[in-house]
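# A structural walkthrough
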Amino acid sequence: MQKFQTLDSACVPMQVEDVDTDQIIPARFLKATTREGFGENLFRDWRYNSDNSPKEGFVLNDDTYSGDILVAGKNFGCGSSREHAAWSLVDYGFRVVVSSFFADIFKANALNNGLLPIQVSEAFLGKMFAAIENDPKSEVHVDLEAQIIRLNESGEEESFEISAYKKKCLMEGLDDIDYLISLKEEIKTFEHNQIAFT
């Protein structure tokens, strides 16, 4: 996974609540077993007409907006537990998703795949949407180590929570398996000591 330290980026606003994982990546695209290629079908039924032409008015089809941060309404990632939802967001290019509430399984899947879900207050989320509406190119600063998200133009910021373990994994670019491998020598020492003790 790509290491995550800080990020300064414009945002893509999706002011929709209760976005479920079937809307993020429809079930008919879940046949692949590798993580690559899911980005092209991110929000497929919202992005494209039945003839595969882009739908006017959908935010990912609007050149006004760009960036590595998706700002979404409350209860993002609800529904089924498919990990492909996180895969599709990462493959599309998002590194951060901001919402005032995330479904627990989606949040875990995101963290396991290098996508940082930042839960903020309703008030701060509202300020983010307002800032993007006022200037679509306005940037947001994310500092994972400090656990701070800040609107660069106004300087307003809010702290966010993340488990110490997942924070370490993101900052070092490790998934769960990589993390265990990084502890290989410590595990060997522990096993050796256990055998010696018995």
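Residues numbered from 1 in each chain as written. Predicted model: local features only at pLDDT ≥ 70, side-chain atom pairs only at ≥ 80, totals over all residues. Heavy atoms only, no water.

### A short note on the overall build of the protein
Selection criterion: The way it works is that DSSP assigns letters per residue, a run of H or I at least four long becomes a helix, a run of E at least two long becomes a strand, and they are numbered from the N terminus. Buried residues are those whose accessible area, probed at 1.4 Å on protein chains only, stays under 20% of the maximum for their type, while exposed residues exceed 50% and partly exposed ones sit between those limits. By definition in these notes, contact holds between two residues if any of their heavy atoms fall within 4.5 Å.
Scanning the protein for helices and strands turns up eight helices and seven strands. With the C-alpha coordinates of the protein rotated into their principal frame, the extents come out at 70 × 45 × 25 Å. Scored against the burial criterion, the 198 residues of the protein give a buried share of 43%. Long-range contacts, defined as pairs at least 24 residues apart, comprise 65% of the intrachain contacts of the protein with a sequence gap of at least 6.

### Re the pattern of salt bridges
Where side chains of opposite charge bring their charged atoms close, a pairing between them can arise. Note the cut-off: Should a side-chain nitrogen of Lys or Arg be within 4 Å of a carboxyl oxygen of Asp or Glu, the pair is scored as a salt bridge.
Scanning the entire structure with this criterion turns up five salt bridges. In this structure, aspartate 22 engages arginine 82 in a salt bridge whose closest nitrogen and oxygen atoms are separated by 3.0 Å. Of the two residues, aspartate 22 is situated in helix α1 (residues 21-24) and arginine 82 in the loop between β2 (69-72) and α3 (84-92); the sequence distance between them amounts to 60 residues. The partner of aspartate 45 in a salt bridge is arginine 28, with the nearest N and O atoms 2.5 Å apart. On the criterion of sequence distance, the pair formed by aspartate 45 in helix α2 (residues 44-47) and arginine 28 in the loop between α1 and α2 is long-range, its members being 17 residues apart.

### Some thoughts on helix α6 (residues 164-172)
Every buried residue belonging to α6 is among Lys166, Lys167, Cys169, Leu170 and Met171, and all of these are buried. Count one or two residues on from α6 and you reach glycine 173, which has phi positive near 70°.

### Looking at the packing of α3 against helix α4 (residues 104-112)
Two quantities define a packed helix pair, namely the angle between the axes and the distance from one axis to the other. The condition that has to hold: Every angle, taken between N-to-C directions, lies between 0 and 180 degrees, and every axis is a line fitted to C-alpha atoms, over only the stretch in contact when it is a helix. Roughly parallel means an angle under 35 degrees; roughly antiparallel means over 145; roughly perpendicular covers 65 to 115; every other angle is labelled oblique. Each crossing gets its handedness from the near helix: less than a right angle anticlockwise from the far helix is left-handed, clockwise is right-handed. Residues are sorted three ways: Asp, Glu, Lys and Arg are charged, Ala, Val, Leu, Ile, Met, Phe, Trp, Tyr, Cys and Pro are nonpolar, and all the rest, Gly among them, are polar.
Here α3 crosses α4 at 50°, and the two axes come no closer than 8 Å. Judged on the interaxial angle alone, α4 and α3 are oblique. In this structure, α3 meets α4 at a crossing whose hand is right-handed. Between α3, through Ala85, Ala86 and Leu89, and α4, the contact on the second element is made entirely by Phe106, Asn109 and Ala110. Here the contact of α3 with α4 is built from residues that sort into five nonpolar, one polar and no charged.

### Considering the packing of aromatic side chains
Applicable threshold: Any two rings among Phe, Tyr and Trp, with Trp reduced to its six-membered ring, count as a pair given centres within 6.5 Å; such a pair is stacked if its planes are under 30 degrees apart, edge-to-face if over 60, and tilted if neither.
Applying the stated rule across the entire model yields eight aromatic pairs. Summarising the aromatic geometry, the rings of tryptophan 46 and phenylalanine 58 are spaced 6.2 Å apart at their centres and angled 65° between planes, so their arrangement reads as edge-to-face. In this pair, tryptophan 46 sits in helix α2 while phenylalanine 58 sits in the loop between α2 and β2, placing the two residues twelve residues apart along the sequence. Since its relative accessible area comes to 25%, tryptophan 46 is described here as partly exposed. A relative accessible area of 11% places phenylalanine 58 in the buried class.

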